[in-house]
Amino acid sequence: MPSEAMRLKAGDALIVLDVQRDFCAGGALEVVDADKIVPVVNGLIEEAVVAGVPVFASRDWHPPGHASFRESGGPWPAHCVQGSAGAEFHSDLRLPERAIIIAKGAAPERDQLSAFNATGLADRLRDLNVRRLLIVGLALDVCVRDSALDAIAEGFETHVRLSGSRPITAEGGRDAVEKMCKAGVIIEER
Ligand code: VGL
Ligand code: ZN
């Protein structure tokens, strides 16, 4: 069942996942239409700033030769290498100065697809008395899915807004939405 778009208020956090050049047009692991989410995400950032709601932004932040890269036997082309141009946030993304940046995927030997995996994110959210999350970003069928499932396991009311996300594959996106729904994630269709 489609859900209404939530309005950000005290007790919420906006979580922006991996809106980085390598996942956008011309990037090493390009997600179709990823650039189209940027205005949506910027609108939510403005809403968060006005409401005094914290903004967290994760970035995939791999060392060269990371275990998830094909050259190392992993599934993905090399992407989001620490300090490279491809690892930069999308140039149109307007993160506030106070945004809290979370690096993920920095451990060389394993992948860390969820922004909650060994990053301390859940504790940081609890320290700020956050109870409800609005998650957007890339990619719907990888980082967004795994992060939203972890957020539920950590006890947060978790919303994913589809207009602020895109999948690597359409089928993966449908499957991710089904899994998130089953786990109790509130899927906002618009
Ligand atoms: C991601 C593939 C590889 C993601 C990260 O953040 O969705 N996808 N690394
Ligand atoms: Zn990665």
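In what follows, the structure referred to is the one given above.
Residues numbered from 1 in each chain as written. Chains lettered and ligands numbered in written order. Predicted model: local features only at pLDDT ≥ 70, side-chain atom pairs only at ≥ 80, totals over all residues. Heavy atoms only, no water.

Student: Whenever I open this one, the coordination of the zinc ion (ligand 2) confuses me. Can you help?
Tutor: At 2.0 to 2.2 Å from the zinc ion (ligand 2) lie its protein donor atoms, namely Asp60 (OD), His62 (NE2) and His79 (NE2). Seen from the zinc ion (ligand 2), its four donor atoms lie at angles of 88 to 167 degrees, and the figure they make is irregular. Its relative accessible area of 4% is what places Asp60 among the buried residues. (Donors = N, O, S within 2.8 Å, 3.2 Å for Na, K, Ca; no water. Tetrahedral: all angles 85-135°; square planar, octahedral: opposite > 155°, others 65-115°. Buried < 20%, exposed > 50% of the residue type's maximum accessible area, 1.4 Å probe, protein only.)

Student: Quick question: what am I supposed to make of the environment of Leu17 here?
Tutor: On the secondary structure map, Leu17 appears in strand 1 (residues 12–17). The exposure class assigned to Leu17 is buried, which follows from its relative accessible area of 0%. Separated by 33 residues in the primary sequence, Leu17 and Val50 have C-alpha atoms spaced 20 Å apart. Leu17 has contacts with Ser58, Ala115, Ile135, Val136, Gly137, Leu138, Cys143, Val144 and Ser147, leaving out every residue within four places of it along the chain. (Helix = DSSP H or I, 4+ residues; strand = E, 2+ residues; numbered from the N terminus. Contact = heavy atoms within 4.5 Å.)

Student: Just checking my understanding: could you explain helix 3 (residues 140–153) for this structure?
Tutor: Because the α-helix completes a turn every 3.6 residues, residues three or four places apart line up on one side. For helix 3, spanning 14 residues, the distance from its first C-alpha to its last is 18 Å, which sits close to the expected 20 Å at 1.5 Å a residue. Every buried residue of helix 3 is accounted for by Leu140, Asp141, Val142, Cys143, Val144, Arg145, Ser147, Ala148 and Ala151. Looking at the packing, one finds that the buried side of helix 3 touches strand 1, strand 3 (100–104), strand 4 (132–138), strand 5 (157–166) and helix 4 (170–183). The first or second residue beyond helix 3 is Gly155, which carries a positive phi of 95 degrees. (Expected span 1.5 Å × (residues − 1).)

Student: Explain the site of ligand 1 to me, please; I cannot follow it from the model alone.
Tutor: All residues adjacent to ligand 1 are Asp18, Phe23, Leu29, Asp60, Trp76, His79, Lys104, Leu138, Ala139, Val142 and Cys143. The side chain of Asp60 places a nitrogen or oxygen atom 3.1 Å from a nitrogen atom of ligand 1. (Near = heavy atom within 4 Å. Polar contact = N/O pair within 3.5 Å; in protein donor to acceptor, adjacent residues only side chain to side chain.)

Student: Just to check I follow, could you spell out the nonpolar core for this structure?
Tutor: Grouped together as the largest cluster of nonpolar side chains are 29 residues, with contacts concentrated most on Leu14, Val16, Val41 and Leu138. Put simply, the parts of the chain that give this core at least two residues each are strand 1, helix 1 (37–51), strand 2 (55–60) and strand 4. Of all the elements, helix 1 adds the most residues to this core, at six residues. For Leu14, the contacting residues outside a window of four places in its chain are Leu44, Ile45, Ala48, Val53, Pro54, Val55, Phe56, Leu134 and Val136. (Core = buried A, V, L, I, M, F, W, Y, C linked by side-chain atoms within 4.5 Å.)

Student: Explain the sheet that holds strand 6 (residues 186–188) to me, please; I cannot follow it from the model alone.
Tutor: The pairing of strands in a sheet happens through backbone hydrogen bonds and is either parallel or antiparallel. The strand order across the open sheet built from six strands is 3-2-1-4-5-6, with neighbouring strands paired in parallel fashion. Across the chains shown, the open sheet's two edge strands, defined by having one partner strand only, are strand 3 and strand 6. Looking at each pair of strands side by side, their axes are set apart by 25 degrees on average, direction ignored. Where strand 5 and strand 6 come together, three bridges link them in parallel fashion. Residue His159 lies in a different strand from strand 6, and its bridge partner there is Ile186. Across the sheet, helix 1 is in contact with strand 1, strand 2, strand 4 and strand 5; its angle to strand 5 comes to roughly 140 degrees. (Pairing = 2+ DSSP bridges. Axes fitted to C-alpha atoms, helices over the stretch in contact; angles between N-to-C directions.)

Student: It is not clear to me how the side chain of Ser114 should be interpreted in this structure. Could you clarify?
Tutor: Among the secondary structure elements, Ser114 is positioned in the loop between strand 3 and helix 2 (121–127). Separated by 2.7 Å, the side chains of Ser114 and Asp150 make a polar contact. Once residues lying within four places of it in the same chain are set aside, the contact partners of Ser114 are Lys104, Asp146, Ser147 and Asp150.

Student: Can you walk me through the pattern of salt bridges in this structure?
Tutor: Side-chain pairing between opposite charges can occur once the charged atoms of the two side chains come close. Inspection of the entire model under this criterion finds 13 salt bridges. For the salt bridge of Lys104 with Asp60, the shortest nitrogen-to-oxygen distance reads 3.0 Å. Highlighted residues: Lys104 in strand 3 and Asp60 in strand 2, separated in sequence by 44 residues. Each of the two residues, Lys104 as well as Asp60, counts as buried. Each of the salt bridges in this network shares a partner with another, and the network as a whole consists of Asp18, Asp60 and Lys104. (Salt bridge = Lys/Arg side-chain N within 4 Å of Asp/Glu carboxyl O.)

Student: I tried to follow the packing of aromatic side chains on my own but got confused; where do I start?
Tutor: Taken as a whole and judged by the stated rule, the model has one aromatic pair. Between Phe116 and Phe156 the ring centres are 6.4 Å apart and the planes differ by 35 degrees, which places this aromatic pair in the tilted class. Here Phe116, found in the loop between strand 3 and helix 2, pairs with Phe156, found in the loop between helix 3 and strand 5; they are 40 residues apart in sequence, far enough to count as distant. Residue classification places Phe116 among the buried positions, given a relative accessible area of 10%. In this arrangement the basic side chain of Arg59 is found over the ring face of Trp61, its NZ or CZ atom lying 3.9 Å from the centre. (Phe/Tyr/Trp six-rings, centres within 6.5 Å; stacked < 30°, edge-to-face > 60°. Lys NZ or Arg CZ within 6 Å of the ring centre and 35° of its normal.)

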